[in-house]
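Examining the three-dimensional arrangement
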Amino acid sequence: MPSLIAQNWAFGIYVAATLAIVFLMLGLSYVLGGRARGRAKNDPFESGVVSPGSGHLRISAKFYLVAMFFVIFDLEAVFLYAWAVSIRQTGWVGFMEVLVFVAVLLIGLVYIWRLGGLDWAPLSRTQRSRSLPTLYRDPASAPQPKPQA
Amino acid sequence: MLNLLFVVFLSPLLGFIVLSLGRGRISQNLATVIGVGSIGVSALVTLGAGIQLLSHMPADGAYTQVLWQWMEVGSFTPRFALRLDGLSLTMCGVITGVGFLIHLFASWYMRGDEGFTRFFSYMNLFVASMLFLVLGDNLLFLYFGWEGVGLCSYLLIGFWYQDPANGSAARKAFIVTRIGDTFMAIGLFLLFRELGTLDISQAMATAPGHFEVGGNTVTAIAFLLLGGAVGKSAQLPLQTWLPDAMAGPTPVSALIHAATMVTAGVYLIARTRVLFELAPLALHWVGIIGAVTLLIAGFTALVQTDIKRILAYSTMSQIGYMFLALGAGAWQAAIFHLMTHAFFKALLFLSAGAVILACHHEQDIFKMGGLRKKLPLPFWSFIVGGGALCAVPYLTAGFYSKDEILWQAYAGGHLNLFLAGLFGAFLTSIYTFRLIFTVFFGKEHSAANSGHGLAYTLPLIVLLALSTFIGGQIHLPLALVLPAGPGEGGGADETKIALLSGSVAVIGIALAALLFLGERKFVKWLKNSTLGAPLAAFFGAAFGFDWLYDKLFVQPFLWLVRVNKSDYLDRAIMAGAGSLQSLNGVLTKTQTGRIRWYAASVALGAVLVIAVAVLS
Amino acid sequence: MSFLYVHGGLTPAQWITLLPILILSATIVFVTGAIAIKRHHWWNATISVAGLNLALLPLFVHFWLPQLWTLPLPQTVTPLLGIDGYACFYMAMILVTALATATLSHAYMEGYNGNREEVYLLLLLSTLGGLVVVCSRHFASFFIGLELLSVPLYGMAGYLVKERRSLEAGTKYLVLSAVASAFILFGMALIYSQMGTLAFAEIGAHIGVIGGSERSVIVLGSAMILVGIGFKLSLSPFHLWTPDVYEGAPAPVTSYLATASKTAVFALLVRYFVEARAYQMPSLVNVLSALAILSIIFGNVLALRQDNLKRLLAYSSIAHFGYLLVAVIASGPLAVEAVGVYLLTYVVTTLAAFGVVTLMSSPYNDHDAEDIFDYRGLFWRRPYLTAILTVALLSLAGVPLTAGFIGKFYVITAGADKHLWLLLAAVVLGSAVGLFYYLRTMIQLYLRQRWVQKYSAPLNWAQGTGGAMVVLLMLAMLLLGIFPTPFIALVQAAGLL
């Protein structure tokens, strides 16, 4: 037990000091800080101008989708760099592996493209009615099959 | 043919499955073909297998066919194998041969009955279970078949379930035999604990080295097995169910309660012979039980009026003979008598069925009479079958087996058993011919119309032939399975004993003729005398066993049931269930559906796991 | 093809043993392309099923027709994957499970209006993860496989996006799985910090000689990995997610979640315990014992009054994995055999039970047929389907002559062999409690119902592949129960030691 204390006393002091500083900062600002209450006090302050509208902005999901595709393909591309620097060591085996890798990526890209993931604007109604693959089909809007007996 | 052995019990089993699945969809003709045909196939295969076994007898006298090994976990290898030796071949022959004839007869007897298909499905299941019982090489499978035949017996006694009396007879049979079965199960557990195996041949081989003669454990095991045998074979003190079991259709009584199932107890004791030889006390008691049962049953049969009950008591007494033989060490004679008894008792029951049907379901013998002319075939069947039952010397099958038993009891020095058997033979003659004279002679009481057709005549004629001396000439291949009894192969006094027992039978028949042919004045006087009346009542009530058991067991049990009406004893168990339910209530509260709490629980669990890991 | 054999590449034998994984990977790419070309439910499902069958083929020949051809086992393919008989057995099991799920999904998704095809893609991906997990003998492949197994499952659980509960199930599984993965990663890091290696065998080689504080760090790390594995296997006290996810996920997905994913993780747990010699750390065995007892009690007690069949099966799976842990704790060759047999019987039974639920359900209704009430009197409407569910419930309860009995018998034998009486008492008590709720459910099937039920399987349920699959599963359950010897021999051939 004494050895435990001897070994860890510095750590103990460190923890105590950290706590002390936290309490000091929070406590002092609590004691010294000014207080004022009012209806307008809770409004967001925007250079003295009353802000219009809600803070909840609705951004098109397309942004999110495109961002995700970008990140995915960007990250995959990074692996090509790893191959590039070791191209001599890995030789034909490495080349074949990268070929397979790129082919898989390519099929993924085709998949996204065919499903309309890259289309910026929603498809027009006429296009949608053709039996093109879609990225997301709303079950509610699709024609209902006959319920089974 | 031997490798087709499994067909023997599979064929009735398939018959059962087809009949029970097709109930209500298949015609009576088709049901007959399936129900009777399946037994026929089984009988033919038994015949073929028997011939092959006997012509190429293996050194150890048995052919084993492993059908199926359930699994193999460590040293635990439960397997299902069939074992055919002289003993099981004899049993199989009786079960499938007599069983086939009875099935054939039943197709005539039961025709037009609402539950025709149901009847045959139960009968097929019974035959399958019975074959399972005798062919299984393992006491566990024997027990399985044992319970199977018990179940079928229950189902068939209560076959006409709309009459509550039949239902209660079925329940009585089931419960009383269950008592014996419980003893037997305990005996098997003990045996397994001692020997570590339930394989019959293995257990019988190791038992002499494991137990000392007359040791406590082996005596206990033998007595417990005897308990099972006594229950199934309707011997004292568990005999009360058999007369009531006559509530079932008559072919059922012939097959189950005369020819096969009730002799299972004899088979069991013969099968576990080694254990009984190691426990002489138990074997001694086997003989005594047999002797007492045969006397009590004989006295009771003297005063019964129901044709089937008389035959039931005679069955009881004949099985008493078999037990007596076992107790006297006359193993082969017991099995021999089992076989001949199956022939003539099946014959008697079937012809009794013919009589009953001819008299429009009348069973009281005093309401029949003079049926000799109208029902010639049943009459001659009764004469031959009754003669065999009484062991009329040299002419009937019963004589050869019963005489063998009496002689071996005498030669073995069991004088008390011998005398009891001799007196029993006397009683047998009287009550048997009392029945025959009353039913077939004297005045005609009722109109009767005879049956006809092959299904009616063939079984009776074949069984009739087998009940004469022809059946007595069958040589059973038991030499490798069961040891020779005392006095085997003849002795100085054998002819004397044969003449003695034969003359006792003839004197009994003559006495019966004197008493029951004609006006029966003496009998009527005796019945009304001060001494005779209470004695007749006492005999009529089968020595009051039903009354005694009612007072001793049934009433106290009902009293207990009434006392425990609000289920005090189950409270303790219910408390366990209740606490589980409340634990369920508490734990269900943890399923809040909140992901926050779930994540926290993972963290809490992690703390717990780490604590256990680091601290232990 | 000679370029494949150059220095650093794989040998022909290694290529051959990798066949199941390679075929499955190719199938995934193929199905992706097929969906991109044309959305066609039947076609895409058929391609997936064909791919799964093709991947199964070498394993099938290896196990059932050894006289024809066998895989050159064992093979070590890079330090990451080791393919031996054990791995092949579990690969086959996972592939069969995936096949069953695919056929059930086809029956189920027919009634769905949204995109039906991607479920096969996710299923195949997850299956690939399962194959990697059972072959892994290295922490890296273990983790990659585990994530590949789990991540598609989030999508599958939430596949019916417009269904509130399906989405909820997906989200819950995602978040909580991430927590579990974090624990696993942390545990691996701790072990690596002391051992300097991630390979199971090397850890096992060093574990005997390590002592002191290093050893306690390793124990800590192993305990954290157990937390993660415990979550994936839904052992108590990490079981809370199970019923919610089982209930919300579409029925075929639930069947996959309950069988393939758990089988893979359990197979890995056993391999880790054997190869990394975790048995030499008694404290870990203590942890497992605690988890086993808690799982048996919690699972059975929670199922006691459950009126939702999917939740009931979820709780029962918690208990079943508690029983399985008893076999793991017993250790030794018999234990590995017991685990194999038990998992086999459990997978077959659970698939059959969920298969019936699937055939009863359709995403067209707003939730699956999961209330026991929906099954009341099913016997009088769909007798054969009821027979299948009955056999499945009996097997879950461990009644003799069904598959479940063989598994339970094995577990008890393995436990009794090592005198684990406390654990065995828990198993026996748990089974007794279990009997109550299985039978309680069974009774409902046979009650006479007096009104028309909303939920019933379509009349032609047996004509599709899903129906055929369920019938096959029932036959397998009975076969396993009545004549288990060939299956036991199979498991014995796929031993680990």
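Residues numbered from 1 in each chain as written. Chains lettered and ligands numbered in written order. Predicted model: local features only at pLDDT ≥ 70, side-chain atom pairs only at ≥ 80, totals over all residues.

Below, the discussion takes up the overall build of chain C. Counting its secondary structure elements, chain C contains 19 helices and two strands. Rg of the C-alpha trace for chain C: 22 Å, near the compact-globule value of 23 Å for 497 residues, within the 12% margin. The dimensions of chain C, computed from C-alpha atoms along their principal axes, are 70 × 60 × 45 Å. Relative to its full complement of 497 residues, chain C shows a buried share of 61%. Considering only contacts in chain C between residues 6 or more positions apart, those separated by 24 or more positions represent 79%. (Helix = DSSP H or I, 4+ residues; strand = E, 2+ residues; numbered from the N terminus. Rg over C-alpha atoms; globule rule 2.2 N^0.38 Å. Buried ≥ 20, exposed ≤ 12 C-beta atoms within 10 Å, placed from the backbone. Contact = placed C-beta atoms within 7 Å.)

With 94% of its residues at a pLDDT of 70 or more, chain C shows a mean pLDDT of 88. Counted against residues more than four places away or in other chains, residues 1-6 of chain C, with its pLDDT under 50, gives six contacts. (pLDDT = per-residue confidence, 0-100.)

Many analyses report the size of an interface as the accessible area lost when the parts associate. Taken residue by residue, the interface counts 39 residues in chain C and 30 residues in chain B. No other element matches helix H12 (residues 282-303) of chain C, which puts eight residues into the side of chain C that touches chain B.

A few words now on the nonpolar core. Formed by 201 residues in total, the largest nonpolar core has its most connected members in Val134, Val326, Ala327, Val328, Ala352 and Val356 of chain C. The dominant element in this core, judged by the number of residues it contributes, is helix H14 (residues 333-360) of chain C, at 20 residues. Ignoring sequence-local partners within four residues, the contact set of Val326 of chain C consists of Ala292, Val411, Gly415, Leu420, Leu423 and Val427 of chain C. In this structure, Met184, Phe399, Ile436 and Ile509 of chain B belong to the second largest nonpolar core, which totals 198 residues. (Core = buried A, V, L, I, M, F, W, Y, C linked by C-beta atoms within 7 Å.)

A word on the domain arrangement of chain B. Domain assignment breaks chain B into domain 1 (2-518) and domain 2 (566-615). Inter-centroid distance (C-alpha atoms) of domain 1 of chain B to domain 2 of chain B is 59 Å. (Domains from an automatic or database assignment.)

Residue and element names in this part refer to chain C. With their axes 10 Å apart at the nearest point, helix H2 (residues 19-37) and helix H5 (residues 118-135) run at an angle of 165 degrees to one another. Put simply, H2 runs roughly antiparallel to H5. Crossing geometry of H2 relative to H5 is assigned as left-handed. Of H5, the residues touching H2 (which contributes Pro20, Ile21, Leu24, Ser25, Thr27, Ile28, Val31, Thr32 and Ile35) are Tyr120, Leu121, Leu124, Leu125, Thr127, Leu128 and Leu131. A class-by-class count of the residues in the contact of H2 with H5 yields 12 nonpolar, four polar and no charged. (Axes fitted to C-alpha atoms, helices over the stretch in contact; angles between N-to-C directions. Parallel < 35°, antiparallel > 145°, perpendicular 65-115°, else oblique. Left-handed = near helix turned anticlockwise from the far one by under 90°. Nonpolar A, V, L, I, M, F, W, Y, C, P; charged D, E, K, R; others polar.)

Residue and element names in this part refer to chain B. Its location among the elements puts Gly369 in the loop between helix H15 (331-358) and helix H16 (376-390). It is 5.8 Å that separates the C-alpha atoms of Gly369 and His445, two residues lying 76 residues apart in sequence. Those residues in contact with Gly369 that lie beyond four places of it in its chain are Thr438, Val439, Gly442, Lys443, Glu444 and His445.

In this section: the packing of helix H15 (residues 383-397) of chain C against helix H17 (residues 421-446) of chain C. All names here are of chain C. Contact geometry of H15 with H17 gives a least axis separation of 9 Å together with a crossing angle of 170 degrees. Of the possible angle classes, the one that applies to H15 and H17 is roughly antiparallel. For the pair formed by H15 and H17, the contact residues are Thr386, Leu389, Thr390, Leu393, Leu396 and Ala397 on the first element and Gly434, Leu435, Tyr438, Thr441, Met442 and Leu445 on the second.

Residue and element names in this part refer to chain C. With 24 residues, helix H3 (residues 41-64) should cover 34 Å at 1.5 Å per step; its first-to-last C-alpha distance of 32 Å lies within 8% of that length. A maximum bend of about 35 degrees is found in H3 at Leu57, where proline Pro58 lies one to four positions downstream. Where H3 is concerned, the buried positions are Asn44, Ala45, Ile47, Ser48, Gly51, Leu52, Ala55, Leu56, Pro58 and His62. Where H3 is buried, its residues contact H2, helix H4 (85-109) and H5. (Expected span 1.5 Å × (residues − 1). Bend = angle between axes of the 7 residues up to and from the residue.)

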